[in-house]
Amino acid sequence: MITVIEFVIEGKPQGKARARTFYNPKLGRSQSVTPEKTVLYENYIKQCFLEQAEERWFDKEPLKMDIIAFFEIPKSMSQKDRKKIEAGDLFPTKKPDADNIAKVICDALNGIAYSDDTQVIRLNICKVYTDFEPRVVVRIERIGG
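Quick caveat, the model's predicted, so the values are computed rather than measured. (Residues numbered from 1 in each chain as written. Predicted model: local features only at pLDDT ≥ 70, side-chain atom pairs only at ≥ 80, totals over all residues. Heavy atoms only, no water.)

1. Description of the environment of R29
- As for its position among the elements, R29 is in strand β3 (residues 29–33).
- Judged by its relative accessible area of 47%, R29 is partly exposed.
- When the C-alpha atoms of R29 and V138 are compared, they prove to be 38 Å apart, with 109 residues separating the residues in sequence.
- R29 has contacts with F22, Y23 and N24, leaving out every residue within four places of it along the chain. (Helix = DSSP H or I, 4+ residues; strand = E, 2+ residues; numbered from the N terminus. Buried < 20%, exposed > 50% of the residue type's maximum accessible area, 1.4 Å probe, protein only. Contact = heavy atoms within 4.5 Å.)

Encoded structure:
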């Protein structure tokens, strides 16, 4: 029985965009639509998981999820700031928000990595700069027996 699954989502980290709600006069009610960019990114997350994870299912048990979002260092950044990054004193305090990164990943893995993201009872997320390619590393771990 697998206790840990880890996989990588290559590319610039993205967050979950807010659904757009509008009144549909044909239906006579409001409708909400998830932005296409979010849907595409969620599908990409699913694909990455399915290609990289040997095991695919945590059934109903409580889980811990660690997410590290690696952001490219802007080319315009000064040498002074680059040294702060190397020293661990400067972090990417920019969009997307950490909670939106977690939301898009947790939602995308529903029914694929676990039954439902309510199983995630511990969530750690960190945004850092990297000299390498931007990416997101996700680690899901079973808690308890």
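2. Re the packing of helix α1 (residues 36–52) against helix α3 (residues 98–108)
- Across the interface, α1 lies against α3 with an axial gap of 9 Å and an inter-helix angle of 60°. In this view, α1 runs oblique relative to α3, as classed from their interaxial angle. The hand of the α1/α3 crossing is right-handed. Judged by residue contacts, T38, Y41, E42, I45 and K46 of α1 engage V104, I105, D107 and A108 from α3. (Axes fitted to C-alpha atoms, helices over the stretch in contact; angles between N-to-C directions. Parallel < 35°, antiparallel > 145°, perpendicular 65-115°, else oblique. Left-handed = near helix turned anticlockwise from the far one by under 90°.)

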